[in-house]
2 protein chains.
Amino acid sequence: MKGQDVILGVLHDTPMSGYDIKQHFEKYLPDMFVASFGTIYPTLNRMEKEGYIEKEIIVQEGKPNKHLYHITAKGKEAFQAYIQSPIEPKTIKYDFMMRLVFGKHASEEQRLKWLKQELAQLTEDLDKLKNVEQEPCLCASERLALRLGLAIQQGAVTELENIISELEAPDHKN
Amino acid sequence: MKGQDVILGVLHDTPMSGYDIKQHFEKYLPDMFVASFGTIYPTLNRMEKEGYIEKEIIVQEGKPNKHLYHITAKGKEAFQAYIQSPIEPKTIKYDFMMRLVFGKHASEEQRLKWLKQELAQLTEDLDKLKNVEQEPCLCASERLALRLGLAIQQGAVTELENIISELEAPDHKN
DNA sequence: ATCCACATGTAAGAAGTTACATGATTCG
DNA sequence: CGAATCATGTAACTTCTTACATGTGGAT
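Here is what the cut-offs are and how they apply
- Residues numbered from 1 in each chain as written.
- Chains lettered and ligands numbered in written order.
- Predicted model: local features only at pLDDT ≥ 70, side-chain atom pairs only at ≥ 80, totals over all residues.
- Heavy atoms only, no water.
- Helix = DSSP H or I, 4+ residues; strand = E, 2+ residues; numbered from the N terminus.
- Rg over C-alpha atoms; globule rule 2.2 N^0.38 Å.
- Buried < 20%, exposed > 50% of the residue type's maximum accessible area, 1.4 Å probe, protein only.
- Contact = heavy atoms within 4.5 Å.
- Areas by Shrake-Rupley, 256 points an atom, 1.4 Å probe, with all protein chains shown as cover.
- Lys, Arg positive; Asp, Glu negative; His and termini not counted.
- Charge placed at Lys NZ, Arg CZ, Asp CG, Glu CD.
- Near = heavy atom within 4 Å.
- Polar contact = N/O pair within 3.5 Å; in protein donor to acceptor, adjacent residues only side chain to side chain.
- Axes fitted to C-alpha atoms, helices over the stretch in contact; angles between N-to-C directions.
- Left-handed = near helix turned anticlockwise from the far one by under 90°.
- Nonpolar A, V, L, I, M, F, W, Y, C, P; charged D, E, K, R; others polar.
- Domains from an automatic or database assignment.
- Salt bridge = Lys/Arg side-chain N within 4 Å of Asp/Glu carboxyl O.
- Buried area = accessible area lost by both parts, 1.4 Å probe.
- Pairing = 2+ DSSP bridges.

An unreviewed UniProt entry annotates chain A as PadR family transcriptional regulator originating from Heliomicrobium undosum.

Given below as structure tokens:
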């Protein structure tokens, strides 16, 4: 799964600009895929050159022009090839977890600060997903993904809350 | 969090070879950090040159020599700097989730195959974590990390099982 | 016979990050 | 008056992946 595959996936239904694509990722695909402008814009330009997508320039007043990209037949083919390819194992870089693993090299206050910070982050992500759930135009498969994502996120939040309240219980030093 | 930081973390307590480090990652840090030999060996060589670690060559018979790396004072300093630095947001590349999101472009059989495959993978990872739990020599903070990891993994497995059984229920096409 | 575990490495290329550069508008 | 949003891009750098190269010993 490269940036290209995901971009083709989101352009399949709706033409979008690089800016739109980043927002779409952040709103609908948090914790599944991350991409910065430094990746998105060069990728889009390369994909256009190679014929996977076509550019349409929307002139806007007061704002910079928008480059709307449409998927081509070649792009749809490439996307199908991705969909048929074997699933790649997930890769995660989870700094917070590493801190916990190496936690004995930090202070108790530090660890508690980390736990609360992560809880805040996870709660925010969970709320984001709950907002997506309200969207009426999701297909069955998208709802499955959302459901799994919610279960995982909810599980993490609940366990973190338990851990924090245990650590903060007045008797935890006995 | 770079490869270097994690390597310093595991070498902090025990001297290890590149081969050992990879096995340690796979056993104790699955789903938190992934590194291949192509990353580990060059990183170790660079770190030695820069004085973060020291090499001790263990001559073995019948097997290639083992390069045992020890952390230095400079290495411990660098590790402390990492521990005190702000936590980086996690990055995930989760191909399976993407397939679900884009699932309408695949067949129902395909989707079910994906779900079952992922369930098998997650179950395997969960078993791995449960084995780590049996280890007697884990510190409190490591147990916290494990507990959170188990909760997340368990939540995912349970929800996936529910999803699969719902899809396979004889009446799901009504 | 063949494959797996042990063990280390290199080289080429793909991919991604960060910082920089530009510039109008809107909101507080 | 400053910050955020909209909007696109480049350049330098870091990092990671993949494939190759080598070789022994043990298990099936």
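From this point, things continue past the structure.
A. Broad picture of the overall build of chain A. Of the regular secondary structure elements, chain A holds seven helices and three strands. Here the C-alpha radius of gyration of chain A, 21 Å, is well above what a compact globule of 174 residues would show, namely 16 Å. By its C-alpha atoms, chain A is 65 × 40 × 30 Å across when sized along the principal axes. Looking at chain A residue by residue over its 174 residues, the buried ones come to 45%. Taking the contacts inside chain A whose residues are at least 6 apart along the sequence as the reference set, 52% of them involve residues at least 24 apart. Surface exposure of chain A reaches about 9200 Å², of which carbon and sulfur atoms provide 52%. Once the 22 positive and 27 negative side-chain charges of chain A are each reduced to a mean point, those two points are 4 Å apart.

B. Inspection of the protein's contact with DNA strand C at higher detail. Neighbouring DNA strand C are 23 residues, the closest being Lys2 of chain A together with Tyr19, Tyr41, Gln60 and His67 of chain B. Among the atoms of DNA strand C close to the protein, meaning within 4 Å, 68% are from sugar or phosphate groups. Contact distances for DNA strand C include 3.0 Å between a phosphate oxygen and a backbone N or O atom of Tyr19 of chain B. Gln60 of chain B places a side-chain nitrogen or oxygen 2.7 Å from a phosphate oxygen of DNA strand C.

C. Molecular detail of the packing of helix α1 (residues 3–11) of chain B against helix α4 (residues 73–84) of chain B. Residues and elements named next belong to chain B. Running from N to C, α1 and α4 point in directions that differ by 120°, and their axes come no closer than 9 Å. Crossing handedness for the pair α1 and α4: left-handed. Residues Asp5, Leu8 and Gly9 of α1 lie in contact with α4, whose contacting residues are Gly75, Ala78, Phe79 and Tyr82. Of the residues belonging to the contact of α1 with α4, the class tally is four nonpolar, two polar and one charged.

D. Representation of the protein's contact with DNA strand D within the structure. Close to DNA strand D lie 22 residues; Tyr19, Tyr41, Gln60 and His67 of chain A together with Lys2 of chain B are nearest. Backbone sugar and phosphate groups make up 69% of those atoms of DNA strand D lying within 4 Å of the protein. Separating a phosphate oxygen of DNA strand D from a side-chain N or O atom of Tyr41 of chain A is a distance of 2.9 Å. Mapped by element, the contributors of at least two residues to the surface near DNA strand D are α2 (18–28), α3 (37–49) and β2 (66–71) of chain A together with α3 (37–49) of chain B. Take the surface near DNA strand D: its biggest share by element is four residues, from α3 of chain A. Across the surface near DNA strand D, the residue classes tally to seven nonpolar, eleven polar and four charged.

E. Representation of the domain arrangement of chain A. All names here are of chain A. Domain assignment breaks chain A into domain 1 (3–84) and domain 2 (95–168). Look at where the C-alpha atoms of domain 1 and domain 2 centre, and you get two points 29 Å apart. Taken together, the five residues of domain 1 in the interface contact six residues of domain 2. Seen at the junction of domain 1 and domain 2, the total is zero salt bridges. At the boundary of domain 1 and domain 2, one finds one residue pair in polar contact (both at pLDDT 80 or more).

F. Looking closely at the interface of chain B and chain A. Facing the 64 residues of chain B at the interface are 64 residues of chain A. Summing both sides of the interface, chain B and chain A together bury roughly 6400 Å²; the carbon and sulfur share of this comes to 65%. Applying the counting criterion to the chain B and chain A interface returns eight salt bridges. Of the charged contacts in the structure, one is a salt bridge between Arg147 of chain B and Glu166 of chain A, with a shortest N-O distance of 2.9 Å. Taken together, the links from chain B to chain A amount to 26 residue pairs in polar contact (both at pLDDT 80 or more). Looking at the side of chain B that touches chain A, the elements with two or more residues in it are α1, α4, β3 (91–93), α5 (95–101), α6 (108–134) and α7 (140–168) of chain B. In terms of residue count, α7 of chain B provides more of the side of chain B that touches chain A than any other element does, 16 residues in total. Classifying every residue of the side of chain B that touches chain A gives 35 nonpolar, 13 polar and 16 charged. Bridge count between strand β3 (residues 91–93) of chain A and β3 of chain B: three bridges; the pairing is antiparallel. What sits directly across from Thr91 of chain A, in β3 of chain B, is Lys93 of chain B.

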